[in-house]
Amino acid sequence: MEYPFFAMMARMKYIERWALMRNSVTENISEHSMEVAMLAHCLGIIFNEKCGGNVDLNKLALIGLYHDANEIITGDMPTPVKYHDSGIRDAYKRVEEMANHTLLQKLPDYMRKYYEDVLFMQDGDEELWKLVKAADKLSALIKCMEEEKAGNKEFSTAARTIMKTLRQMGREEVDIFVRDFLPSYSKTLDELQNM
C-alpha cells in the first residue's frame, strides 16, 4: 500500500503566503510553519519558566509545524477575506477541518493517532493552540518587519494591526518575547553578530 501524506507535506513549499501583497521576498507555508514551530516552542519555554505554565514543548512545536498543513488542499486564504465576517470564518473552519481529515486518511492506520493529536485540538490542549496562534501572529509580524526593513511600505498597516492583536492577547510570554527578542529582527547580520 502506498501512502501520500509526506509527499503532500512536501508540497507546502508551493503554497505562497501574502498573495494580496507585493512582497520583496516571497514566503511559503513550509518556511512559515518552521518559523511558527520555533516561535511556539520559544513561547512555551517562556510560558513554563516565567509564567507558571506547564505545557508539553515537543507537542507544541509539532502543532506549530503542522498548523497550516491543510492549506496544501485549501490554499492560503488571505486574512481580510477569511475573517471578513463570522459566516465566512465559520465556513472556512469547516473546510480546514475537512482538509485535515483528508490528510489524516493519507497515513497508514497505525500512524493516524499520532497525527490526529497535532492536526486537531484535543481536550486539554487549548493552551498549546493559543500559544501556536500567538506564534503564528509573531511570524506574521516578523514578515512585516522584514518587508519594511527592505523598504516595502506595503506591510506597514499589517504590522500595526498585528502588533495591536498581539497586545490584545494579554499573554505575558508574548510580551516577554516582544521585549526581549523582537527588537533584534530590525538589526543587520553584522549588528547581530556584534551583540
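In case you missed it, the structure is sitting above this.
Let us look at the structure shown here. Everything numeric here is computed off the predicted structure, so don't read it as measured data.

For the rest of this paragraph, the subject is the overall build of the protein chain. The helix and strand tally for the protein chain stands at 11 helices and zero strands. Each helix and strand of the protein chain, placed in order from N terminus to C terminus, yields the pattern α-α-α-α-α-α-α-α-α-α-α. Since a compact globule built from 195 residues should have a radius of gyration of about 16 Å, the 17 Å found for the protein chain is in line with a globular shape. Considering only C-alpha atoms, the protein chain reaches an extent of 55 × 40 × 35 Å along its principal axes. Across the 195 residues that make up the protein chain, the buried fraction comes to 43%.

Position of Asp 125 relative to the elements: it lies in the loop between α7 (109–119) and α8 (126–149). Beyond its immediate sequence surroundings of up to four residues, Asp 125 is in contact with Lys 59 and Asp 117.

The next subject is the layout of surface pockets. If you add up the space inside the second largest pocket, you get close to 180 Å³. Every residue lining the second largest pocket is listed: Val 25, Thr 26, Glu 27, Glu 31, His 32, Glu 35, Lys 143, Glu 146, Glu 147 and Ala 150. Partitioned by chemical class, the residues of the lining of the second largest pocket number two nonpolar, two polar and six charged.

The subject of this paragraph is helix α2 (residues 29–50). Relative to the 32 Å expected for 22 residues at 1.5 Å per residue, α2 spans 30 Å between its end C-alpha atoms, a close match to the ideal helical length. For α2, the capping residue at the N-terminal end is Asn 28, with a side-chain oxygen 2.9 Å from the backbone nitrogen of Ser 30. Just downstream of α2 lies Gly 52, where phi reads positive at about 75 degrees.

Position of Asn 23 relative to the elements: it lies in the loop between α1 (5–9) and α2. With 129 residues separating them in the primary sequence, Asn 23 and Asn 152 have C-alpha atoms 7.6 Å apart. If we skip the residues at most four places from it in the chain, Asn 23 touches Arg 17, Trp 18, Lys 143, Glu 147, Asn 152 and Phe 155. A distance of 2.8 Å separates the side chain of Asn 23 from the backbone oxygen of Met 21, its partner in a polar contact. Only 3.1 Å separates the side chain of Asn 23 from the side chain of Lys 143, close enough to count as a polar contact.

All chains considered together, the criterion is met by seven aromatic pairs. Between Phe 5 and Phe 6, the aromatic rings sit 4.9 Å apart at their centres with planes inclined by 85 degrees, giving edge-to-face as the arrangement. Taking the relative accessible area as the measure of exposure, Phe 6 reaches 42% and is therefore partly exposed. Through successive ring pairs, a cluster of aromatic residues spans Phe 5, Phe 6, Tyr 66 and Tyr 115. It is Lys 13 that lies over the ring of Tyr 14; its NZ or CZ is 5.5 Å from the centre.

With that out of the way, let us pick up the pattern of salt bridges. Evaluated as defined, the whole model comprises 10 salt bridges. The salt bridge partner of Arg 89 is Asp 90, with a shortest N-O separation of 3.8 Å. A relative accessible area of 31% places Arg 89 in the partly exposed class. On the basis of relative accessibility, which here comes to 36%, the residue Asp 90 falls in the partly exposed class. Notably, a salt bridge pairs Asp 109 with Arg 112, separated by 2.8 Å at the nearest N-O pair. One end of the pair is Asp 109 and the other is Arg 112, both in helix α7 and three residues apart, which spans about a single turn. Several salt bridges converge on common partners, so that one network encompasses Arg 17, Glu 27 and Asp 68.

Quick notes on the rules
- Residues numbered from 1 in each chain as written.
- Predicted model: local features only at pLDDT ≥ 70, side-chain atom pairs only at ≥ 80, totals over all residues.
- Heavy atoms only, no water.
- Helix = DSSP H or I, 4+ residues; strand = E, 2+ residues; numbered from the N terminus.
- Rg over C-alpha atoms; globule rule 2.2 N^0.38 Å.
- Buried < 20%, exposed > 50% of the residue type's maximum accessible area, 1.4 Å probe, protein only.
- Contact = heavy atoms within 4.5 Å.
- 1 Å grid on protein atoms, 1.4 Å probe; cavity = no way out; pocket = protein on both sides within 12 Å on 5 of 7 lines; lining within 4 Å.
- Points joined across faces, edges and corners; volume = space filled by probe spheres on them.
- Nonpolar A, V, L, I, M, F, W, Y, C, P; charged D, E, K, R; others polar.
- Expected span 1.5 Å × (residues − 1).
- Polar contact = N/O pair within 3.5 Å; in protein donor to acceptor, adjacent residues only side chain to side chain.
- Phe/Tyr/Trp six-rings, centres within 6.5 Å; stacked < 30°, edge-to-face > 60°.
- Lys NZ or Arg CZ within 6 Å of the ring centre and 35° of its normal.
- Salt bridge = Lys/Arg side-chain N within 4 Å of Asp/Glu carboxyl O.

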